[in-house]
Each structure stands twice: as C-alpha cells, then as structure tokens.
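Commentary on secondary and tertiary structure
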Amino acid sequence: MKPVVTVIAESESANLGDRAIVQAISQYLSEYSKVRLFSLSNSKLTSASKNYSNKKFFHIRDIIKKCGRIAPVTLRSRVRWYLLGERRRYQRLVENQVVGSSVILIGGGQLIKNNAALFCDRLAVIARVAAHQNVPYSLFGVGVDRKMSFLTWRIVKNTIINAKTVFVRDLQSKNRILTQYPCGVACKIIPDLAFALRSEKAAYLSRDTEYAINIMSVPPMIEALPKSIKLSAADIRDMWYSVILLLAERGAAPVIFTTGSPEDLREAQDMQIRLRAKAGISVELIHPASVEELQSLLSQFQNVLASRMHAGILAYILGCNTLCLNWDDKVKGVWTTVSQESRVVEIESLTGPEGAECLLQKFANSYVPTVENIFEVSRMVRARLKAELIDRI
C-alpha cells in the first residue's frame with residue numbers, strides 16, 4: 001500500500017504561482033504515494049471565524065470591529081488567532097488532516113515570513129500536531145522573508161529545529177536560518193519546486209506573440225524593496241507604461257497578463273486604460289484562471305518580462321526567453337540557485353528615460369533555454385524529493 005504524504009502549502013492561493021508549486025509536488029509524489037493537500041491559510045478557518053458567536057468573546061469582537069480601521073492588520077489577525085479561538089480551530093483542522101499520514105511535507109514558497117496571514121503561527125501549530133501524532137515533517141523549497149521579526153523567529157523556532165529536513169530555495173534563506181539558529185539545523189538548498197512542474201505543452205512551439213509583460217499589484221513590490229532603492233508606485237507603473245509603449249511603437253503588439261490574483265488584474269486593467277487614454281494603444285489583457293491556462297498562455301510567447309517570480313519560472317520551463325524583475329531579494333536568490341541569475345533585471349535599471357531601451361537590449365542579450373537546461377533543474381528537484389522524502393518513509 002502506498003504511504004500517505006500530507007502536503008501543506010498555499011494550495012488555495014489566488015496567485016497561480018503558489019498553485020504551480022503545489023501541482024509540481026503532487027505530480028511527482030503521486031507516483032510513489034497517496035497525496036493529501038492542506039492549505040496553510042485554510043479558508044474554512046476564515047469562514048468559521050466570521051460565524052463565531054461565543055458570548056464570552058463578543059465584547060472583544062465588538063472592539064475589533066470598532067477599531068478595525070485603526071489597528072494594524074497583523075494585530076487584528078493575532079487577536080482573532082489567540083483570543084477568539086482561531087488557533088484552536090486551526091489545530092483541529094490540522095489534526096484531522098494529518099491522521100494516518102506517513103510524513104508531512106511543508107512547502108514550498110515564501111512560507112517563513114512575518115505577515116498578516118500568520119504563516120509562522122500556523123507552522124508552529126502544524127509542528128505541535130505532528131509531534132503529538134508522531135508524524136515526521138520536512139520543510140521543502142521554502143523561502144525566508146527579509147522582514148522577519150524577533151517575535152516571528154521565536155514563534156517558528158521549534159518548527160524549523162524539529163523538522164526532519166530543511167530545504168530552502170535560495171542562499172539568503174539558508175543564511176537567515178543559520179544566523180538565527182546556528183546549531184541544530186541542517187539547512188540545505190533546493191531549487192524552487194515550480195521548476196519541477198511538468199507540462200503537456202512542448203518547450204518549443206510556434207510562438208504567436210513576440211513580447212508579453214506580466215503585471216502585478218504594486219504595493220507588495222514597494223513594501224519589499226530594500227531601503228537603498230527609492231522608487232514610488234508611480235515609478236513602477238511608468239516603467240511598465242514606457243516598455244509597452246516602446247514595443248507597440250516598434251510594431252511588436254505586446255500583451256499584458258497576470259497570474260490570477262484579483263489585485264494583479266486591477267493593476268493590469270488600470271494599465272490597459274492608461275495606454276488607451278494617453279497613447280491611443282489597445283493592448284490585450286489575459287487573466288488566466290488555472291495553472292494549465294497559464295501554461296498554455298506562456299507557450300505562445302517568445303519574450304516574457306515577469307513581475308511575479310513564478311510567472312518567470314513557468315515561462316522559463318516552457319521555453320520562453322525570460323527576464324524577471326528583481327523587486328525582492330528572493331527573486332535573485334531563486335534564479336541564482338539554478339545558475340540563471342543573468343535573467344534577473346534590477347527594477348531601478350528600467351526606470352527613467354532609457355529604461356525601455358535597456359530592457360530591449362537585455363532581451364537581445366538573453367537566450368531561450370535549451371531542453372537540457374529545463375530538464376536538468378527538474379531532475380535535480382525530483383531527485384532531492386525522492387532521496388530526502390520518499391526513500392526515507
């Protein structure tokens with residue numbers, strides 16, 4: 001009988017990049033095991049919280065509602081988590097999911113981070129449930145955010161230290177973990193798990209679209225930029241506008257696309273409206289609803305400028321000449337892991353009057369990955385999963 005592997009990741013995310021990671025893991029593990037999926041930020045918990053009516057906590061909920069516009073989002077999340085019973089309900093969900101599992105795989109993606117979804121608090125609950133049920137767990141292909149706080153490091157400490165294996169997706173993440181916990185953690189590096197995603201689309205097809213620009217919501221980009229880079233939201237939007245305008249003027253007929261997020265769609269729609277109003281240019285906007293649809297879309301492109309990191313990864317494994325904007329240090333770290341750091345474009349280099357020309361030159365100096373390039377990374381990820389997880393069950 002096949003062993004049962006519970007995969008805990010962002011399987012319900014609106015961002016198709018997160019779903020691509022889950023799909024890549026499931027594709028491979030299903031060859032050797034029965035796979036169960038559990039979303040780290042489980043939607044059942046959110047819906048339960050809205051209907052929670054325990055009179056003991058009613059006054060707390062009333063205070064939160066009245067102060068909602070003032071209190072920081074993360075603070076409100078922690079109040080719900082620790083005072084309104086979300087943590088207990090989440091623990092019950094995890095317990096039910098993990099029962100009968102041979103091993104738990106947590107990953108991949110940027111899961112060790114200080115965010116309003118309380119990823120570290122959730123990881124701590126998962127580790128406690130795993131220990132109580134005597135189920136080993138591994139962290140695979142995870143990233144560590146630059147803005148981790150003292151509190152979140154304390155919360156996630158036992159989750160990291162007690163993991164059977166810890167595989168991060170870039171050198172920065174490894175260094176951040178070893179700086180916090182220099183003893184007792186055997187931390188290794190594995191390429192982002194999305195590189196292992198299989199596609200029915202051939203790597204080399206007739207490409208109908210010469211250039212495609214991936215657009216994402218700007219606020220997360222601004223928040224993640226290092227302090228040394230002084231860019232505004234208007235700078236980033238002007239950069240996209242200038243690039244698309246130059247391509248259109250040269251007869252390239254570029255398209256813009258998202259990776260599924262509603263926030264990204266609104267940003268792309270605003271750009272589409274701006275191009276039509278200011279330059280009289282109609283640009284096609286594509287908003288895929290599934291990983292398969294995104295893969296089919298990318299297979300039609302020759303050159304892709306990716307704002308979302310996983311848009312770039314999926315474009316790469318589908319044989320596009322891919323460049324990826326570096327607005328967060330995870331971007332350069334992940335591409336360096338697969339020796340493709342030349343595909344990373346510093347976002348500040350594309351702003352200003354010469355930015356669009358600079359991008360076209362970078363595309364001209366870049367190249368389409370070979371089938372061997374693509375398969376080599378996929379084999380590396382799959383071999384690590386088998387050696388460190390499957391073979392040890």
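First things first, this report covers the structure right here in the doc. (Residues numbered from 1 in each chain as written. Predicted model: local features only at pLDDT ≥ 70, side-chain atom pairs only at ≥ 80, totals over all residues. Heavy atoms only, no water.)

Ranked by size, the top nonpolar core spans 51 residues in total, and within it Phe257 and Trp335 carry the most contacts. Residues Ala130, Val135, Val144 and Ile155 belong to the second largest nonpolar core, which totals 38 residues. (Core = buried A, V, L, I, M, F, W, Y, C linked by side-chain atoms within 4.5 Å. Buried < 20%, exposed > 50% of the residue type's maximum accessible area, 1.4 Å probe, protein only.)

What follows deals with the pattern of salt bridges. Pairing of side chains with opposite charge becomes possible as their charged atoms draw close. In total, this model carries 13 salt bridges according to the counting rule given. One salt bridge connects Arg78 with Asp121, and the closest N-O pair in it is separated by 2.8 Å. Of the two residues, Arg78 sits in helix α4 (residues 73-82) while Asp121 sits in helix α6 (residues 119-132), which places them 43 residues apart along the sequence. Grouping residues by exposure puts Arg78 and Asp121 together as buried. (Salt bridge = Lys/Arg side-chain N within 4 Å of Asp/Glu carboxyl O. Helix = DSSP H or I, 4+ residues; strand = E, 2+ residues; numbered from the N terminus.)

With parallel pairing, 6 strands are arranged side by side in an open sheet as β10-β9-β8-β11-β12-β13. Each edge of the open sheet is held by one strand with a lone partner, namely β10 (285-286) and β13 (344-346). Two elements, strand β12 (residues 321-326) and β13, share 3 bridges in a ladder whose sense is parallel. What sits directly across from Leu325, in β13, is Val345. Where helix α10 (residues 233-249) meets the sheet, it contacts β8 (209-214), β9 (255-257) and β12, and its direction lies at approximately 170 degrees from that of β8. In the packing of helix α14 (residues 329-337) onto the sheet, the strands contacted are β12 and β13, and the crossing angle to β12 comes to about 145 degrees. (Pairing = 2+ DSSP bridges. Contact = heavy atoms within 4.5 Å. Axes fitted to C-alpha atoms, helices over the stretch in contact; angles between N-to-C directions.)

To continue, consider the side chain of Ser13. Inspection of the secondary structure assignment puts Ser13 in the loop between β1 (4-9) and α1 (16-29). The buried category is assigned to Ser13, whose relative accessible area is 12%. Apart from residues lying up to four places away in sequence, Ser13 is in contact with Asp18 and Arg19.

Moving on, we come to the packing of aromatic side chains. Applying the stated criterion across every chain, the model contains 10 aromatic pairs. Each ring, one from Tyr211 and one from Phe363, has its centre 5.5 Å from the other, and the planes form 70 degrees; the classification is edge-to-face. A residue pair is termed long-range when its members are at least 10 positions apart, and Tyr211 in strand β8 and Phe363 in helix α15 (residues 355-365) qualify at 152 residues. By relative accessible area, Tyr211 is classed as buried at 12%. Taking relative accessible area as the criterion, Phe363 reaches 4% and is therefore assigned buried. For the pair Phe257 and Phe301, a centre-to-centre distance of 5.5 Å together with 40 degrees between the ring planes defines the contact as tilted. (Phe/Tyr/Trp six-rings, centres within 6.5 Å; stacked < 30°, edge-to-face > 60°.)

Bringing the side chain of Thr6 into the picture now. Structurally, Thr6 is set in strand β1. If near-sequence neighbours (up to four positions away) are discounted, Thr6 is found in contact with Arg36, Gln97, Val98, Ser101, Val103, Ile104 and Leu105.

Before going further, it helps to spend a moment on the packing of α4 against α6. The geometry of α4 relative to α6 is characterised by a closest axis approach of 11 Å and an angle of 25 degrees between their N-to-C directions. Classified by the angle between their axes, α4 and α6 sit roughly parallel to one another. Across from Arg78, Trp81 and Tyr82 in α4, the residues of α6 making contact are Asp121, Arg122 and Val125. (Parallel < 35°, antiparallel > 145°, perpendicular 65-115°, else oblique.)

Positive charge collects at one region of the surface, where Arg87, Arg88, Arg92 and Arg128 lie side by side. The element contributing the most residues to the positive patch is helix α5 (residues 86-98), with 3 residues. Within the secondary structure layout, Arg92 lies in helix α5. Taking the relative accessible area as the measure of exposure, Arg92 reaches 46% and is therefore partly exposed. (Patch = residues over 30% accessible without salt bridge, like charges linked within 9 Å, V, L, I, M, F, W, Y side chains within 5 Å. Areas by Shrake-Rupley, 256 points an atom, 1.4 Å probe, with all protein chains shown as cover. Lys, Arg positive; Asp, Glu negative; His and termini not counted. Charge placed at Lys NZ, Arg CZ, Asp CG, Glu CD.)

Moving on: the pairing of strand β11 (residues 301-306). Within β11, 5 of the 6 residues are buried, which leaves it mostly tucked inside the rest of the structure. Across 4 bridges, β8 lies against β11 in parallel orientation. From the neighbouring strand, Ala212 faces β11, where its bridge partner is Val304. Pairing of β11 with β12, which is carried by 4 bridges, proceeds in the parallel orientation. Residue pairing in the sheet places Val304 in a bridge with Thr322 of β12. The β-α-β motif built from β11, the intervening helix α13 (residues 309-317) and the parallel element β12 has right-handed crossover chirality. (Right-handed = clockwise from strand over helix to strand, strands pointing away.)

So, on to the environment of Leu171. Tracing the sequence through the fold places Leu171 in helix α8 (residues 171-180). Taking relative accessible area as the criterion, Leu171 reaches 48% and is therefore assigned partly exposed. Separated by 31 residues in the primary sequence, Leu171 and Phe140 have C-alpha atoms spaced 14 Å apart.

Here the focus is the environment of Arg80. Within the secondary structure, Arg80 is located in helix α4. In the structure, Arg80 is positioned 145 residues away from Leu225 in sequence and 29 Å away in space, judged by C-alpha atoms. Not counting residues up to four positions away in its chain, the partners in contact with Arg80 are Gly85 and Glu86.

No statement about biological role is implied by the geometric values presented.
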